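Commentary on secondary and tertiary structure
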Amino acid sequence: MNWKNQSSYINMVVYLFCIIFVILPFFWFWKDLFIGGDDTRLFYLFPIEWIKNIGSYAWTNFSWLGSANPQYFVLPFLFLIAPFQYFGIPSYIIQNILIGALLSWGFYFLYKFFLKIIGNDFKVEALLSSLFFVLSPIIYINQIKVFLYPVWLIFFVPLLLYLSSYYVFEWRKSSLLFIFFSGVFWSIAFSQIPWVLGLIIPLLVFFIFFKKKIFIKILIILITLLWSQLFWLVPFLFVSFSGWGFVSEGVLTSEMNNTFYTTVEAVSRGNTIINPLLNNFNYGLFSNFGNPIKMIFDEYYNYTIYFSLVFFVLPFVCLLYKNSIKNYKLYLSLFASFLLILFLFVARIWIFYNIFLWFGQIPWFVMFRNFFDKFAISFVLIYSFLILYSLVLVRTILRKGKKIYNIIIFSLFFAIFINAIPLFSWVLLQLPLWTTKTIKTNVKIPQEYKDFMSKIRKYTDPNGRILILPYGISSYSYIIWEESNTIFQGRSPVELFSQRQDFSGRFSLWKDRKKFEQMLLERNYEWLKKILNNHAVKYIIYFPTLPNDFLKSYLFDSSLLEKQDQIFFKNIVWEKIIESSSGNYILLNLKDSYWEIISSSSTGMLILDRSSPVKYNISLFHLSGVQNLDFKDTFSRWWNLLLNNEPIFEETHHLVNDYANGRTLDAEYIKKNFPKDYYKENPDGSMDVNLTLYFRPQSYFYLWLGVSGLTFFWLIAWLLVDRRRQKNLVQQTSAWIKNLH
């Protein structure tokens, strides 16, 4: 078959696949919601609430103790999809269109990029390589099924490559504007630093063989892209490296670093290079941990393994035809890049495994302890590049052997679709929750839960926190659908729906989790209440109807669960406040609860107004002498106490209860150093004063958002001036040529 003459048919096939990818999520989920997990995916369905309550702030209390973990990178994406919610489009339609667009655009832009670098004569090769990427079981099992933020790299990287190709190969400066614009609105993808580094590391091996001019252009593109991220990157880096941020308190701790070797040992056991070379996920991981995905291997992939041999045979055969390849050095660099990412994706490869373990001594390499996740997209993308280049080379080599080449093409098509059959079905995304037999996770949010959240907002003090029970070993909360075996399990949506802070498991309590669990096992309820009081917990949300199969899952510790019995509730619960309509959710009042998020040792009254997660307005009455003011959230030196917008008592800021913020207030100091109109003096000599507690890095977001905005308008102005200059140059050249005649 002469593939050059089939251009119009191939275009139709490309558009057909784009439509299929858009429709596919409706077949997978229909009206069910694909939500839960570490990122919850709730922001896709409730972007307006997320913008108002979580995404716009440098300090987050989402499902755990507060941390300096800005989520600004998700804001541009939320502003794109918020109109859909505003105009009342159902949540399941928003969800399915977004997932479909991710697959469709990722496929289309990668196809267009491949055509850009190899030419329109190789449309079949570009189509096959793009399908190889988007229909890879590695992409589905590792990324689509868990659907964390990095999943958007499946779309964003092909888009970035396509836009960059116009600048690199055609010198279109306008593409820089589109790169900047795309970088801003898809910062949700670029913000996932470990996955982005997982792409950059192997590509560096490939780029070093590029010509100097092309390398400089690539560098300009990266600088443009980096500049587009400043609105979230600068505040994030500021709080992360100040010593009190989410990174410094999490990723950089010795406790986290010590997990590198044990995690790598556990998740790499049984790994081989065979499955990845067949464009499939490593069977060993699922086999070792009893993951339900193992069933798909046992019942399907173990029988279709031989059809995928063509994937890795093709590139290795090309290596033998050194004299037939014009730019053999470039092909070798691509092959070397592939071998590097194969090593990073598998880790346990013979003697090279010790090298990977040695990498654990490199600062920050701990972020790659889940290597099978961080390098997955990069592996499949570079593999698709290798397949593309190999096909082009084979077609060049077999100029007179068209029948053989056609067999290779059809073999690749067949292998790609054989691998994709389980992905097109709903089975993969409908598997039961790990370690359970019957628990489904794709739910609808019932009206019962929405009404319950509304009542929580009505009947609870906004300055009192909530504890989720049963207590689990993650930081997850639950939503029970009408079918008792269908349960949302993920980061707690309580703050999203009710604007109340909650603790929903082991990782929520941070430093006090070990003490809390010890007291729970010892039934030391006085200490338990003291810990909860120190964290300003006043309420409990209890889920009494969770099925036994769910309670026996990996999300719970059986010994801890056993102690959460009637004796436990009798000792820590004061009264029931409300119960949901079907009895799936109960709000309880904690016994002996007397502390709020902000408390003072002063005998006078304190009125607290939490205007946002980064700002608390405090009214102190009858303040006299020296008093303590405690703020029960994670200690950070960037929490500033302000009097009429002027910092005060910063030198007295200290650690309280081994995690929280404390300050020593001095009424006489205020009288001596501030005007009288800053406070009200009472007849007994005490004072009434209004203070503000503010998380200062919030202001850096506004600053760098302005910088990003100015950069965007500067790029537009620069392009307009450059276009006018080029137009004048053309006119001057034409006039000069005319004068010659």
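This write-up is about the structure you can find in this document.

Moving on: unusual backbone geometry. Among all residues save glycine, negative phi is the norm, and among peptide bonds the norm is trans. Here the residue pair Leu469 and Pro470 is connected by a cis peptide bond, since its omega of 5° sits within 30 degrees of zero. Positionally, Pro470 belongs in the loop between strand 1 (465-469) and strand 2 (476-480). Positive phi, normally seen in glycine, also occurs at Asn279, with a value near 60°. As for its position among the elements, Asn279 is in the loop between helix 17 (274-277) and helix 18 (283-289).

Moving on, we come to the sheet that holds strand 11 (residues 626-631). Taken in spatial order, the four strands line up as 8-11-15-14 in an open sheet, and their pairing is antiparallel. Strands with a single pairing partner mark the edges of an open sheet, and in this sheet they are strand 8 (598-600) and strand 14 (654-656). Neighbour-to-neighbour, the strand axes of this sheet turn through a mean angle of 30°, independent of strand direction. Of the strand pairs in this sheet, strand 11 and strand 15 (residues 660-666) are connected by six bridges, and their pairing is antiparallel. Bridge assignment links Gln627 to a residue of strand 15, and that residue is Leu665.

Here five strands make up an open sheet; going across it, the order is 4-1-5-7-6 and the pairing mixed. Each end of this open sheet is capped by a strand with a single partner; those strands are strand 4 (502-503) and strand 6 (573-579). As paired strands, strand 1 and strand 4 are joined by two bridges and run parallel to one another. For Leu467, the partnering residue across the bridge sits in strand 4 and is Phe503.

Turning our eyes to something else, we now look at the packing of helix 20 (residues 309-319) against helix 24 (residues 376-397). Contact pair helix 20 / helix 24: the axes reach a minimum separation of 9 Å and the direction vectors enclose 55°. Compared by their axis directions, helix 20 and helix 24 come out oblique. In this structure, helix 20 meets helix 24 at a crossing whose hand is left-handed. Packed against helix 20, whose contacting residues are Phe311, Phe312, Leu314, Pro315 and Cys318, the element helix 24 presents Tyr383, Leu386, Ile387, Ser390, Leu391, Leu393 and Val394 at the interface. Looking at the contact of helix 20 with helix 24 residue by residue, the classes come out as eleven nonpolar, one polar and no charged.

Bringing the packing of aromatic side chains into the picture now. Across all of its chains, the model carries 88 aromatic pairs by this definition. Note that Arg41 overlies the ring of Phe34, its terminal NZ or CZ placed 4.1 Å from the centroid. The residue whose ring lies beneath Lys515 is Trp527, and the NZ or CZ to ring-centre distance is 4.9 Å.

The next point concerns helix 22 (residues 352-359). For helix 22, the set of buried residues is Tyr353, Phe356, Leu357 and Phe359. Buried residues of helix 22, viewed axially, fall in a sector of 150°; they line one side. Where helix 22 is buried, its residues contact helix 16 (259-268), helix 21 (328-346) and helix 23 (371-374).

Once that is clear, we can look at the pattern of salt bridges. For the structure on display, the rule yields 16 salt bridges. Notably, a salt bridge pairs Glu170 with Arg172, separated by 2.9 Å at the nearest N-O pair. Assessed through its relative accessible area of 36%, Glu170 is described here as partly exposed. On the accessibility criterion, Arg172 (42% relative accessible area) is partly exposed. As a salt-bridge pair, Glu517 and Arg506 come within 2.6 Å of each other at their nearest N and O atoms. Here Arg506 lies in the loop between strand 4 and helix 28 (513-521) and Glu517 lies in helix 28, a separation of eleven residues in the sequence.

A pair of packed helices is captured by two measures, namely the crossing angle of their axes and the spacing between those axes. It is at 9 Å that the axes of helix 6 (residues 123-134) and helix 24 come closest, and there the two elements cross at 160°. Considering the angle they form, helix 6 stands roughly antiparallel to helix 24. When the axes of helix 6 and helix 24 are compared, the crossing they make is right-handed. Contacts between helix 6 and helix 24 pair Glu125, Ala126, Leu128, Ser129, Phe132 and Phe133 from the former with Ile377, Val380, Leu381, Tyr383, Ser384, Ile387, Leu388, Leu391, Val392 and Arg395 from the latter. Of the residues belonging to the contact of helix 6 with helix 24, the class tally is twelve nonpolar, two polar and two charged.

What follows concerns the nonpolar core. Residues Trp50, Phe77, Tyr140, Ile144, Trp152, Phe356 and Ile541 are the most contacted members of the largest nonpolar core, which totals 228 residues. With 15 residues, the single largest contributor to this core is helix 24. Contact partners of Ile144, with chain neighbours within four places excluded, come to Trp28, Phe34, Leu102, Leu103, Ile139, Val151, Ile154 and Leu429. With 26 residues, the next largest nonpolar core counts Met519, Leu520, Leu560 and Ile572 among its residues.

Conventions used here
- Along every chain, residues carry numbers that run from 1 in the direction the sequence is written.
- Whole-chain, interface and lining totals are the exception, using all residues; otherwise, since this is a predicted model, local features are given only for residues with pLDDT of at least 70 and side-chain atom pairs are given and counted only at 80 or more.
- To obtain the side-chain values, all non-hydrogen atoms of the structure were used and water was disregarded.
- Secondary structure elements follow DSSP: runs of H or I of four or more residues count as helices, runs of E of two or more count as strands, with numbering from the N terminus.
- Two strands make a pair as long as DSSP finds a minimum of two bridges between them.
- Every axis in this analysis is a line fitted to C-alpha atoms, fitted for helices over the stretch in contact. Angles between the N-to-C directions lie between 0 and 180 degrees.
- Roughly parallel means an angle under 35 degrees; roughly antiparallel, over 145; roughly perpendicular, 65 to 115; everything else is oblique.
- Handedness of a crossing is defined here by the sense of rotation of the near helix relative to the far one, left-handed for an anticlockwise turn of less than a right angle and right-handed for a clockwise turn.
- Whether two residues touch is decided by their heavy atoms; if any such pair falls within 4.5 Å, the residues are in contact.
- Any residue that is not Ala, Val, Leu, Ile, Met, Phe, Trp, Tyr, Cys, Pro, Asp, Glu, Lys or Arg is counted as polar, Gly included; the first ten are nonpolar and the last four charged.
- By convention, a stacked pair of Phe, Tyr or Trp rings (six-membered ring in the case of Trp) has centres within 6.5 Å and planes under 30 degrees apart, an edge-to-face pair has planes over 60 apart, and any other such pair is tilted.
- Note on criteria: charge over ring means Lys NZ or Arg CZ within 6 Å of the ring centre, with the direction from the centre no more than 35 degrees off the ring normal.
- Exposure categories follow from relative accessible area, calculated using a 1.4 Å probe and restricted to protein chains: below 20% of the type maximum is buried, above 50% is exposed, and the middle band is partly exposed.
- The arc in question is the one spanned by the directions pointing from the helix axis to the C-beta atoms.
- Counted as salt bridges are all cases of a side-chain nitrogen of Lys or Arg within 4 Å of a carboxyl oxygen of Asp or Glu.
- Each nonpolar core is a collection of buried residues, namely Ala, Val, Leu, Ile, Met, Phe, Trp, Tyr and Cys, held together in the definition by side-chain atoms within 4.5 Å.

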